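Here are the chains, one letter per residue:
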Amino acid sequence: MKQKMKLFPAVLTLFLVLGVGPTLLIALFAVPYHSQLGTYRLVVSVLLVLSVVSTLCLAGLVTRLLKQPINQLLEAQKQVRHGNLSYRLPAKGNPELNLLFGGFNKMAEG
């Protein structure tokens, strides 16, 4: 049974809370003068739209960057589970991934 990863919703929630949340708080607590209400609504609307769009883009980027190494690790786990102890993960430029992949490779050796 293949388990589907739900990384994007988690990353999106994180970025919405950290990105859109502060924009909404600023919009709610910054009370303008009556004469500035039209300008205020326009600025808040633009900021909110920009915040949501940038949040979606950042969540997609982070998900894409995290998903590939996780899928590589899951594939390696499946290979070792099925008896292919010669399967190795490639060492790439990211030091944290090199450490994780290197530990998996050593574990598979013996």
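Residues numbered from 1 in each chain as written. Predicted model: local features only at pLDDT ≥ 70, side-chain atom pairs only at ≥ 80, totals over all residues. Heavy atoms only, no water.

Some thoughts on the overall build of the protein
Part 1 of the reasoning: When its secondary structure is counted, the protein shows three helices and zero strands.
Part 2 of the reasoning: Mapped in sequence order, the helices and strands of the protein form the string α-α-α.
Part 3 of the reasoning: Burial status across the protein gives 18% buried among its 110 residues.
Part 4 of the reasoning: Only carbon and sulfur atoms are counted for the fraction: they give 69% of the accessible area of the protein, which is about 8600 Å². (Helix = DSSP H or I, 4+ residues; strand = E, 2+ residues; numbered from the N terminus. Buried < 20%, exposed > 50% of the residue type's maximum accessible area, 1.4 Å probe, protein only. Areas by Shrake-Rupley, 256 points an atom, 1.4 Å probe, with all protein chains shown as cover.)

So, the side chain of Asn-105
Part 1 of the reasoning: Within the fold, Asn-105 resides in helix 3 (residues 95–109).
Part 2 of the reasoning: Asn-105 sits in the buried class, given a relative accessible area of 13%.
Part 3 of the reasoning: Within the structure, Asn-105 has its side chain in polar contact with the backbone nitrogen of Leu-89 (distance 2.8 Å).
Part 4 of the reasoning: With residues up to four places along the chain from it excluded, the contact list for Asn-105 reads Tyr-87, Arg-88 and Leu-89. (Polar contact = N/O pair within 3.5 Å; in protein donor to acceptor, adjacent residues only side chain to side chain. Contact = heavy atoms within 4.5 Å.)

Quick notes on helix 2 (residues 37–81)
Part 1 of the reasoning: With 45 residues, helix 2 should cover 66 Å at 1.5 Å per step; its first-to-last C-alpha distance of 63 Å lies within 8% of that length.
Part 2 of the reasoning: The sharpest bend along helix 2 reaches about 25 degrees and sits at Lys-67, with the proline Pro-69 one to four residues further on.
Part 3 of the reasoning: Along helix 2, the positions that sit buried rather than exposed are Val-44, Ser-51, Thr-55, Ala-59, Thr-63, Pro-69, Gln-72 and Ala-76.
Part 4 of the reasoning: Positive phi appears at Gly-83, one or two residues downstream of helix 2, with a value of about 100 degrees. (Expected span 1.5 Å × (residues − 1). Bend = angle between axes of the 7 residues up to and from the residue.)

Points about the packing of helix 2 against helix 3
Part 1 of the reasoning: Two numbers describe how helix 2 lies on helix 3: the axes approach to 12 Å, and their chain directions differ by 0 degrees. One way to sum up the angle between helix 2 and helix 3 is to call them roughly parallel. The segment helix 2 lies against helix 3, with Pro-69, Gln-72, Leu-73, Ala-76, Gln-77 and Val-80 engaging Leu-97, Leu-100, Phe-101, Phe-104 and Ala-108.
Part 2 of the reasoning: Considering only residue class, the contact of helix 2 with helix 3 consists of nine nonpolar, two polar and no charged. (Axes fitted to C-alpha atoms, helices over the stretch in contact; angles between N-to-C directions. Parallel < 35°, antiparallel > 145°, perpendicular 65-115°, else oblique. Nonpolar A, V, L, I, M, F, W, Y, C, P; charged D, E, K, R; others polar.)

Section: the environment of Arg-88
Part 1 of the reasoning: When you line up the elements, Arg-88 lands in the loop between helix 2 and helix 3.
Part 2 of the reasoning: Distance from Arg-88 to Phe-104, taken between C-alpha atoms, is 8.1 Å for residues 16 residues apart in sequence.
Part 3 of the reasoning: In this structure, Arg-88 is in contact with Asn-105, Ala-108 and Glu-109, ignoring residues within four places of it in sequence.
Part 4 of the reasoning: From its side chain, Arg-88 meets the backbone oxygen of Leu-85 in a polar contact 2.7 Å long.

Topic: a nonpolar patch on the surface
Part 1 of the reasoning: Together, Phe-8, Val-52 and Leu-56 make up an exposed nonpolar region whose accessible area comes to about 220 Å².
Part 2 of the reasoning: Counting through the fold element by element, Phe-8 comes out in helix 1 (residues 7–29). (Patch = residues over 30% accessible without salt bridge, like charges linked within 9 Å, V, L, I, M, F, W, Y side chains within 5 Å. Salt bridge = Lys/Arg side-chain N within 4 Å of Asp/Glu carboxyl O.)

A short note on the confidence of the model for the protein
Part 1 of the reasoning: When pLDDT is averaged along the protein, the result is 79; 88% of the residues meet or exceed 70.
Part 2 of the reasoning: Across the protein, helix 3 holds the top mean pLDDT of 86, while helix 1 sits lowest at 76. (pLDDT = per-residue confidence, 0-100.)

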